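Remarks on the overall topology
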Amino acid sequence: MKRCPLCSTELNRTLLEANLPAFSCPGCHGLWVSSNEYLSWLSPDFSYPISELDIAREFDTPYPVADNNQAIFCPDCGRFLRRFQIWPNHKFHLDRCGSCNGIWFDRNEWQTLQAQNLHKQINIFFTEAWQEKLRSKEMKQRFENMYLELFGFEDYEKIKSIRHWLTEHPNGNRLIAYLTDRDPYKG
Ligand SMILES: [Zn+2]
Ligand SMILES: [Zn+2]
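Residues numbered from 1 in each chain as written. Chains lettered and ligands numbered in written order. Predicted model: local features only at pLDDT ≥ 70, side-chain atom pairs only at ≥ 80, totals over all residues. Heavy atoms only, no water.

1. A word on the overall build of the protein chain
Cut-off, in case you're wondering: Put simply, DSSP H or I for four residues or longer makes a helix, DSSP E for two residues or longer makes a strand, and each gets a number counted from the N terminus. The quantity called the radius of gyration is restricted to C-alpha atoms. Its globule counterpart is 2.2 Å times the number of residues to the power 0.38. Relative accessibility thresholds used throughout: buried, under 20% of the residue-type maximum; exposed, over 50%; partly exposed, between the two (1.4 Å probe, protein chains only). Exposure was quantified through the Shrake-Rupley algorithm and a 1.4 Å probe, taking into account, for residues, occlusion by the shown protein chains and nothing else.
Of regular secondary structure, the protein chain possesses six helices and six strands. Taken from N to C terminus, the helices and strands of the protein chain fall in the order β-β-β-α-β-β-β-α-α-α-α-α. For a compact globule of 187 residues, the expected C-alpha radius of gyration is about 16 Å, and the protein chain comes in at 23 Å, more than 25% above that figure. With respect to the principal axes defined by its C-alpha atoms, the protein chain has extents near 85 × 35 × 30 Å. Residue burial in the protein chain is summarised as follows: out of 187 residues, 33% are buried. Of the roughly 12100 Å² of accessible surface on the protein chain, a fraction of 49% belongs to carbon and sulfur atoms.

2. A look at the coordination of the zinc ion (ligand 1)
Where we set the bar: Water is absent from the atoms considered, so a metal site may look incomplete; donors are defined as N, O and S atoms within 2.8 Å of the metal, or 3.2 Å for Na, K and Ca. Geometry is assigned from the angles between donors: four donors with all angles from 85 to 135 degrees make a tetrahedral site, four or six donors whose opposite pairs exceed 155 degrees while the rest stay between 65 and 115 make square planar or octahedral sites respectively, and everything else is labelled irregular.
Coordination of the zinc ion (ligand 1) by the protein is provided by C4 (SG), C7 (SG), C25 (SG) and C28 (SG), with metal-donor distances spanning 2.2 to 2.3 Å. Coordination at the zinc ion (ligand 1) is tetrahedral, judged from the four donor atoms that bind it and the angles of 97 to 125° they form at the metal. Mapping the donors of the zinc ion (ligand 1) onto the primary sequence yields the spacing C-x2-C-x17-C-x2-C. In this pair, C7 sits in the segment before β1 (12–17) while C28 sits in the loop between β2 (20–24) and β3 (31–33), placing the two residues 21 residues apart along the sequence.

3. Comments concerning the coordination of the zinc ion (ligand 2)
In ideal tetrahedral geometry, four donors around a metal make angles of 109.5 degrees, whereas ideal octahedral geometry with six donors gives angles of 90 or 180 degrees. Around the zinc ion (ligand 2), the protein supplies C74 (SG), C77 (SG), C97 (SG) and C100 (SG) as donor atoms, at distances of 2.2 to 2.3 Å. Of note is the zinc ion (ligand 2), whose four donor atoms meet at the metal with angles of 99 to 127° in an arrangement that counts as tetrahedral. Classification of C77 as partly exposed rests on a relative accessible area of 36%.

4. Let's talk about the nonpolar core
Basically, it comes down to this: We call a set of buried residues a nonpolar core when its members are Ala, Val, Leu, Ile, Met, Phe, Trp, Tyr or Cys and they connect through side-chain atoms within 4.5 Å of each other. Throughout, a residue-residue contact means that at least one pair of heavy atoms, one from each residue, lies within 4.5 Å.
Judged by nonpolar contacts, the single largest core of 27 residues is most densely connected at L94, F105, W110, L113, I122 and F125. At the level of elements, β2, β3, α1 (35–42), β6 (103–105), α2 (109–115), α3 (122–125) and α4 (128–151) are the ones that each hand at least two residues to this core. The residues contacting L94, other than those within four sequence positions of it, are R82, R83, F84, I86, I103, W104, F105, E109, L113, I122, F125 and F126.

Written out as structure tokens, the structure reads:
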């Protein structure tokens, strides 16, 4: 018997997709999927390379997601579940067991991924490469916001286009030297 890591209710067997058995919680509507079931549902030769997952695409949350924010433990092996943010600038986390690789979906998390056709690429989210991509994307966003606030929209757009022109220009270094010289006409 398995119990819900969130509310301790006894989990029921369910079928998420044809050939994808899982356990669902009648209490909080979370879902538990074992790694083996997930991988065999994807089929042995099925794998999405990380390059096929576009981090710039929109991430929608069409259903209200009840993302938990607590320390929870694996219903299979009792180990601590690790929280993984999966998309930049979205408070959407999946919990995964570092030991058996089972995945816990809070209410509507699976449905949300499914609606966006991301439900077959879930294992990518747990890779160091994806987590790194996610962090650098968020960092970039923070700088964007900072510059926007510092310069205002119009000046920021202008300086960006000047910067682009300079960095692409074959004579860029000289143009920058001219620009930053206090008086380029003084010997
Ligand atoms: Zn529950
Ligand atoms: Zn486990």
